Amino acid sequence: MNTHFSPIDFSKVSSLVATILQEALAGIEISERQGTQLFQSTGHDITAIAQCADLIRQRSVGDKASFVITRNINFTNICYMGCKFCGFSKSKNASDAELLSMSEIATRAQQAWDRGATEVCIQGGLHPDLPADHYRNILIAIKSQVPDMHIHAFSPFEIMFGSQNSGLSYREFIQDLMDHGLGSMPGTAAEILDIEIRKQLTRDKLTTEQWVEIISTAHQLGLPTTSTIMYGHIDAPHHWAAHIALLRDMQKKHGGFTEFVPLGFVHYESPLYTDRKKLKLHVRPGPSANENILMHAVSRIMLNGWIDNIQASWVKLGPDYAVQMLRAGANDIGGTLMNETITRSSGGIHGEEILPDDMVKMIERSGLTPFRRDTLYRQQQSFPPLAASNLISHQQLASNHGAQL
């Protein structure tokens, strides 16, 4: 599938942003300070940044975009942490508290396999009464039922909790999980890797240093992870650039990040937003349209050469908007999910499942060639190209960026 790239009209771009983009296109690494400047852009500069990111995406991974067939299994919503942004957690005595049995977890994994899934994503709240071997037993249950299923599981928060519960070091705990079938780890619980912001979001229960140590330990052991950011709440552009620069530095040291996933803050039923007056915090109702474009585009530009895959989360953005991100630096739209409860618990409005055929159509609308991947971005299935008359051109998408300014 041939994708047309309209040239960047630098005559309409501010001189500072034009210089940064020209350096990026020449392969020069963009600094944290320059990233902050890009994040603060307005007007025609945003369109140019999106076009630059789109070109760098094409150079890095070609004119293809991917998705994975996966199922989310949130095995418990019981959690004692009380993170301010989370609308998912329940107390263990709540009427809607849930803790899935091992047999139910295995059954859900089998159902996913029968529907073509290659991955299950396992995460849950920090239940205060979990036995020390609970996480290991989840892996054993799934692998006993579906031995070839890839298990993508347990956030750094859960690793910290499980390590403390078992009396093992991070290294020992992660290695034990790997020995029992853990295939990769979600790089969630990152939120914003800034000390002051984290204290306000999570009471600093998982510090930036702890998050970095846990993820770095996984990478040193050969366990791949994703990386994430949650933005659009009490944060600001300089926090975003610093967060991405830190992830880039980590990737330079150990490798191991398979992708970067921007996750916009969902405010509707999040205590951080609903209780903002009581908390005495100025909390925004999620990112703006321009901030979504900039987050995907600037992350592509800053991470160029280090993290090749930028994912647009249809759960956070909605399917139509996720398509636009595929022409603003992203090259993946995530998973079919089958069950998604964490975002919905905070009032997310974009559903809990998209079928594979719909994923293909979403990617085709962007003008890119779709393929189904596994967790590690290895191609599993390709699809015949769509008729050219049905494609959205790059010029149309660029004008869409401008229409939202």
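No experiment lies behind these values; they were computed from the predicted model shown. (Residues numbered from 1 in each chain as written. Predicted model: local features only at pLDDT ≥ 70, side-chain atom pairs only at ≥ 80, totals over all residues. Heavy atoms only, no water.)

Engineer: Help me get a handle on the packing of aromatic side chains, residues and values and all.
Structural biologist: All chains considered together, the criterion is met by six aromatic pairs. On the numbers, 6.2 Å between centres and 80° between planes, the contact of Phe 75 with Tyr 135 is edge-to-face. You can see Phe 75 sitting in the loop between strand E2 (70–74) and helix H4 (102–114) and its partner Tyr 135 sitting in helix H5 (residues 134–145), a full 60 residues away along the chain. For Phe 75, a relative accessible area of 0% gives the class buried. Residue classification places Tyr 135 among the buried residues on the basis of a relative accessible area of 3%. Grouping aromatic residues by their ring pairs yields a cluster made of Phe 75, Tyr 135, Phe 154 and Phe 173. Positioned over the ring face of Phe 371 is Lys 64, at 5.1 Å from the centre of the ring. Sitting over the ring of Tyr 377, Arg 373 keeps its end group 4.0 Å from the ring centre. (Phe/Tyr/Trp six-rings, centres within 6.5 Å; stacked < 30°, edge-to-face > 60°. Helix = DSSP H or I, 4+ residues; strand = E, 2+ residues; numbered from the N terminus. Buried < 20%, exposed > 50% of the residue type's maximum accessible area, 1.4 Å probe, protein only. Lys NZ or Arg CZ within 6 Å of the ring centre and 35° of its normal.)

Engineer: Describe in detail helix H17 (residues 356–365), supporting the description with residues and values.
Structural biologist: Every buried residue of H17 is accounted for by Met 359, Val 360, Met 362, Ile 363 and Glu 364. On its buried side, H17 packs onto strand E1 (64–68), helix H14 (314–317), helix H15 (319–325), strand E8 (332–335) and strand E9 (369–373). Positive phi shows up at Gly 367, right after H17, with a value of about 90°. (Contact = heavy atoms within 4.5 Å.)

Engineer: Before we move on, could you go through the sheet that holds strand E4 (residues 150–153) and cite the residues and values that matter?
Structural biologist: Where strands meet in a sheet, backbone hydrogen bonds hold them as pairs that are either parallel or antiparallel. The four strands are arranged E2-E3-E4-E5 in an open sheet whose pairing can be described as parallel. Among the strands making up the open sheet, the edge pair consists of E2 and strand E5 (182–184). Sheet twist, expressed as the mean angle between neighbouring strand axes with direction ignored, is 40°. Of the strand pairs in this sheet, E2 and strand E3 (residues 119–123) are connected by five bridges, and their pairing is parallel. Counterpart to Asn 72 in the pairing with E3 is Cys 121. Contacts between H4 and the sheet are confined to E2 and E3, with E2 contributing the most and set at about 165° to the helix. (Pairing = 2+ DSSP bridges. Axes fitted to C-alpha atoms, helices over the stretch in contact; angles between N-to-C directions.)

Engineer: Describe the side chain of His 150, with residues and values.
Structural biologist: Relative to the helices and strands, His 150 is located in strand E4. Those residues in contact with His 150, other than ones at most four positions away along the chain, are Thr 118, Glu 119, Val 120, Gly 183, Ser 184 and Thr 375.

Engineer: Hey, could you go over the sheet that holds strand E10 (residues 379–382) for me, with residue numbers and the actual values?
Structural biologist: Read across the sheet, four strands follow the order E8-E1-E9-E10 without closing on themselves; strand pairing throughout is mixed. Of all strands in the sheet, those bounded by a partner on one side alone are E8 and E10. The mean inter-strand angle of the sheet, taken between neighbouring strand axes irrespective of direction, is 30°. Across four bridges, E1 lies against E9 in parallel orientation. The residue of E9 that forms the bridge with Ala 65 is Pro 370.

Engineer: Any chance you could break down unusual backbone geometry for me, citing the residues and the numbers?
Structural biologist: The phi dihedral of Ala 189 is positive, around 65°, even though this residue is not glycine. Here Ala 189 is to be found in the loop between E5 and helix H8 (195–202). Positive phi values are uncommon outside glycine, yet Glu 191 reaches one of about 50°. Position of Glu 191 relative to the elements: it lies in the loop between E5 and H8.

Engineer: So what's going on with the pattern of salt bridges? Which residues, and what values?
Structural biologist: If you walk through the whole model with that rule in mind, you get 12 salt bridges. A salt bridge links Lys 252 to Glu 29, with the nearest nitrogen and oxygen atoms 2.9 Å apart. One end of the pair, Lys 252, is in helix H10 (residues 237–254); the other, Glu 29, is in the loop between helix H1 (15–25) and helix H2 (32–39), and 223 residues separate them in sequence. For Lys 252, a relative accessible area of 35% translates into the label partly exposed. A salt bridge links Arg 373 to Asp 332; the shortest N-O distance between them is 2.7 Å. Of this pair, Arg 373 sits in strand E9 while Asp 332 sits in strand E8, placing them 41 residues apart in sequence. Comparing Arg 373 with Asp 332, the two get one shared label, buried. Put simply, Asp 54, Arg 57, Asp 63 and Arg 327 are held in one network by salt bridges that share partners. (Salt bridge = Lys/Arg side-chain N within 4 Å of Asp/Glu carboxyl O.)

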